[in-house]
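Below, each chain spelled out in residue letters.
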Amino acid sequence: MSLVHEIDYGTPLSKSEKMVTLTIDGQEITVPEGTSIMRAAMEMGTQIPKLCATDMMDAWGSCRMCLVEIEGRNGTPASCTTPVAPGIKVKTQTSRLAEIRKGVMELYISDHPLDCLTCAANGDCELQDMAGAVGLREVRYGYEGDNHLGLDKDTSNPYFTFDTSKCIVCSRCVRACEEVQGTFALTISGRGFESRVSPGMDEAFFDSECVSCGACVQACPTATLTENKVIEIGQPEHSVVTTCAYCGVGCAFKAEMRGEEVVRMVPYKDGKANRGHSCVKGRFAWGYATHKERILKPMIRSKITDPWKEVSWEEAIAYTASEFKRIQAKHGKASIGGITSSRCTNEETYLVQKLIRGGFGNNNVDTCARVCHSPTGYGLGQTFGTSAGTQDFDSVEDSDVIVVIGANPTDGHPVFGSRMKKRLREGARLIVIDPRKTDIVRTPHVEADYHLPLLPGTNVAVVTALAHVIVTEGLVAEDYVRERCDWDEFQNWAAFVADPRHSPEAVEQYTGVPAELVRGAARLYATGGNGAIYYGLGVTEHSQGSTTVMAIANLAMATGNIGRRGVGVNPLRGQNNVQGSCDMGSFPHELPGYRHIAGDEVRHMFEEFWGVHLDKEPGLRIPNMLDAAVEGSFLGLYVQGEDIVQSDPDTKHVTAGLAAMECVVVQDLFLNETANYAHVFLPGSSFLEKDGTFTNAERRIQRVRKVMAPKAGYADWEITLLIAEAMEFPMPYEHPSQIMDEIARLTPSFAGVSYEKLERDGSVQWPCNDKAPEGTPIMHIDHFVRGKGRFMVTEYIPTDERTGARFPLLLTTGRILSQYNVGAQTRRTENSMWHEEDRLEIHPHDAEQRGIREHDWVRLESRSGSTSLRATITDRVAPGVVYTTFHHPSTQANVITTDFSDWATNCPEYKVTAVQVMPSNGPSQWQEEYEAMAKNSRRIAAE
């Protein structure tokens, strides 16, 4: 194996369809108009020396290394900033150019440390490469002078070192921060010899606005910005392209290795989801895979009060199967079930649901999508006919108006958030519908045209009020609706939304959004050109989550914003494979491909292929499993890669259900909160230890490739096979590619997917079949999947969770950039330096009323329970609203949340909980008890 080397063409690809022919060094080449001479030369295999240029950013033209001669023109223009022109003749190498380039390089080297042999970038340094390329052998100016060789290194960032002495002030890091990431955290301070790259106002990197995305490190052509792992381990020897296992963006990375040790994760430029960019999690927070707290031996115990006992894999699997068989023999086949993982691969998820349906003999299978995006599946399925987003991420480049509702892309989906910000900086307009002032409401060079700070729980009312304006002011795209949608249903819907009770003025009293803001936002979305809607858990995690999804779909259809680039309805999926886990049949009523289990034709096809009878009755959802456990009829659970104690609502009810079960099997990397109630622990494998595929939020199927052997002996898919065999339902697969072949054979939307195709094309978006052999970047182009688009009446029904004298505030929850979901991975990395605990955001007015000051401990209490955490006083939340994250188990934010859920899917109402906040002396008693238990778990892991 060797390193995967990507070509750097120096400047971005031109998207012009007009072609230009020119001659470079006597050879004709034809390229798109607008292409730089540098890129044209590189496309024919001629590398022009460069230092400030890279194809991730626009041309800069400052280093003066890439000069060329053009016949008939005076001077020596920079090839990076000079576009091609018809018929020009370019020379890239002459004695004159060689002399100029050598002189420029002498100046760089005269102001640079001569420690190449001991430098961490030795062998991977563009300055070193270019010195050799121009034939530099001596420096006439000496190596001393008024320079910056004596400046201290900045080691404040836990992941990379900033060595100013090696900086050549090429500005690539500054430009990457601006153009690629959009944070504007870096600048060039000083002039002449005093020019320096400066984080913030001459701050340390850690104290600046830097978000540690790694774009500056990747862009740096010298050892000025170097990963600490490279300094510690050395340059990598080989690399494998794989897919990130964090959020639903699905970034492609090169895992660069020495042996089986990861040196760094480098974003892959050919990754069609991330286009060579990354965030702090995917780029740097992969150390959890080798963390000392990983459990690497199977463990069992008879009772959850007993200590764990390490056993062999054979014993653990045999015990699991015998317990499940015993429970079913005594309580019936429906007494056990399983939960699939949205962190595991498509193939692994498919196997778990197959095991439950074929081996357990029931449909008691569910997934974490139940508690996040199940309303997306229902709502989009009802209106459009398919349970997924409509666009690819590239589509945002053609959006004129972007609506972000109930999502925080800069924190939850940061790589896509950066692309969105870039489009906004280019001129797209922005509407944000969110109770909080999220970062994207106002960020450097981006400001929302409208921020609608609605009261939590009133999404349906606000979106219907937007529709009211569009219908009553004659802004409907009538030709589109008549052609593409059911006209009778549209008229019924239009009459409903036109009712004066849905006007912005009528709903203002309970949404809290000024009517003029709603009217302005509606007009902008309807008339501003290509309108795209992006939404997140702030839409779905409500008692009317499905209703809001349908209301959003109504808006898009009414304005004709479906079926082309730049528009669409786009759910920002939370976990790396939450889309895939739904695709693979993880819901109790659906087989893979979203086909109902009651359908005889589909069910018989699976029965014939699997060689087993399948129950046609839908099984239990996660909340139903817990209810049945408390009642005594559901007693066995196989949990693959999920931590429902920390992630699911109403923690007391979850733990009561688990405690009532007789055999809980947890398969995971660490002893998580759910493992406290487990009888069997099966050590799982990280994404670095397995082969398979993930499907991201844009329906993109991408390869996950094993870069090291499974540390516990088996990949997750192999563990499921062992359980299946012990349950007398053998599944004879030798490689995940065979599982995908079966998925493709049985699932129409995956019919054209294979590992061979993914190796050849890099990725593909479903549907991929005979009708769309290359996949489907944009859905519903000529017609909706269901035929005619279906408008749904979306009556606003206030949540049963109400504020009152005892609980006067509304709590809503969300995520933060540096942490991920329940924190099992990111808390075991240096990311905790940015976010070591969950905080409660509270408005200054509410804090003053309660005598709460910044950083004070406060007690957060609801009808369900209470916890304690520190306060952050901020106007990001409105008076009457408080907000916290849920990344740290020591907080257990879901102790507070209730058991209210979406009417159609049981998705919990995380985003609306009536609470009271009061001063506290510190952590509560249960939190102190938890910390003692957590220390014991860490001790077990360490031993």
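Everything below is about the structure shown above.
Attention here is on the structure that accompanies the text. Bear in mind that the values here come from a model prediction, so they are computed numbers and not experimental data. Numbering of residues begins from 1 in every chain and follows the order in which that chain's sequence is written. pLDDT decides what is reported in this predicted model: residues at 70 or higher carry local features, side-chain atom pairs at 80 or more are listed and counted, and totals for whole chains, interfaces and linings draw on all residues regardless. Note: side-chain values were computed over all heavy atoms of the structure, leaving out hydrogens and water.

### Things to note about the state of the cysteines
Cysteine sulfur atoms are paired as a disulfide whenever they fall within 2.5 Å. By the definition in use, this model includes zero disulfides. Cysteine Cys119 remains unbridged, with the sulfur of Cys125 as its closest cysteine sulfur at 6.3 Å. The thiol of Cys210 is not disulfide-bonded; the next cysteine sulfur, from Cys216, is found 5.6 Å away. Among the residues examined, Cys210 registers a relative accessible area of 14% and is labelled buried. Any residue under 20% of the maximum accessible area for its type is buried, any over 50% is exposed, and the rest in between are partly exposed; the area is computed with a 1.4 Å probe on protein chains only.

### Some remarks on helix α19 (residues 545–558)
Each helix corresponds to a stretch of at least 4 residues labelled H or I by DSSP, and each strand to a stretch of at least 2 residues labelled E; elements are numbered beginning at the N terminus. The span expected for a helix works out to 1.5 Å for each residue beyond the first. Between its terminal C-alpha atoms α19 stretches 20 Å, which fits the 20 Å expected from 14 residues at 1.5 Å a residue. Summarising burial for α19: 14 of the 14 residues are buried, a large majority. Looking one or two residues beyond α19, the residue adopting positive phi is Gly560, at roughly 75 degrees.

### Details of the packing of helix α13 (residues 459–472) against helix α16 (residues 504–511)
The relative placement of two packed helices comes down to the angle between their axes together with the axis-to-axis distance. At a closest axis distance of 10 Å, the pairing of α13 and α16 adopts a crossing angle of 165 degrees. Taken together, the axis directions place α13 and α16 in an arrangement best described as roughly antiparallel. Crossing hand, α13 versus α16: left-handed. In this structure, α13 contributes Ala461, Val462, Ala465, His468 and Val469 to the contact, and α16 contributes Pro504, Val507, Tyr510 and Thr511. Gly falls in the polar group here, along with every residue not listed as nonpolar (Ala, Val, Leu, Ile, Met, Phe, Trp, Tyr, Cys, Pro) or charged (Asp, Glu, Lys, Arg). Considering only residue class, the contact of α13 with α16 consists of seven nonpolar, two polar and no charged. To obtain each axis, a line is fitted to C-alpha atoms, and for helices this fit is confined to the stretch in contact; angles are then taken between N-to-C directions over 0 to 180 degrees. Oblique is the label for every angle not falling under 35 degrees (roughly parallel), over 145 degrees (roughly antiparallel), or within 65 to 115 degrees (roughly perpendicular). If you view the pair so one helix is near and one far, a crossing is left-handed when the near helix is turned anticlockwise from the far one by less than a right angle, and right-handed when it is turned clockwise. The contact definition used throughout considers only heavy atoms, calling two residues in contact when any of these lie within 4.5 Å.

### A closer look at the packing of aromatic side chains
Classification of ring pairs rests on two measures: the distance between centres of Phe, Tyr or Trp rings, Trp counted by its six-membered ring, which must be within 6.5 Å, and the angle between planes, read as stacked under 30 degrees, edge-to-face over 60 and tilted in between. According to the stated counting rule, one finds 22 aromatic pairs in the structure shown. Between Phe160 and Phe284, the ring centres sit 6.1 Å apart and the planes meet at 40 degrees, which makes this aromatic pair tilted. Taken together, the positions of Phe160 in strand β6 (residues 160–163) and Phe284 in helix α7 (residues 280–284) put the pair 124 residues apart, joining distant regions of the chain. The same class applies to Phe160 as to Phe284, namely buried. Taking 5.1 Å as the distance between ring centres and 85 degrees as the angle between the ring planes, the aromatic pair formed by Trp313 and Tyr714 counts as edge-to-face. Here the residue Trp313 occupies a position in helix α8 (residues 313–331), and Tyr714 occupies one in the loop between β30 (700–704) and α25 (716–726), the gap between them amounting to 401 residues. A relative accessible area of 11% places Trp313 in the buried class. Take Tyr714: its relative accessible area is 25%, and that puts it in the partly exposed class. Members of the aromatic cluster, connected to one another through ring pairs, are Tyr159, Phe160, Phe162, Phe205, Phe206, Phe284 and Trp834.

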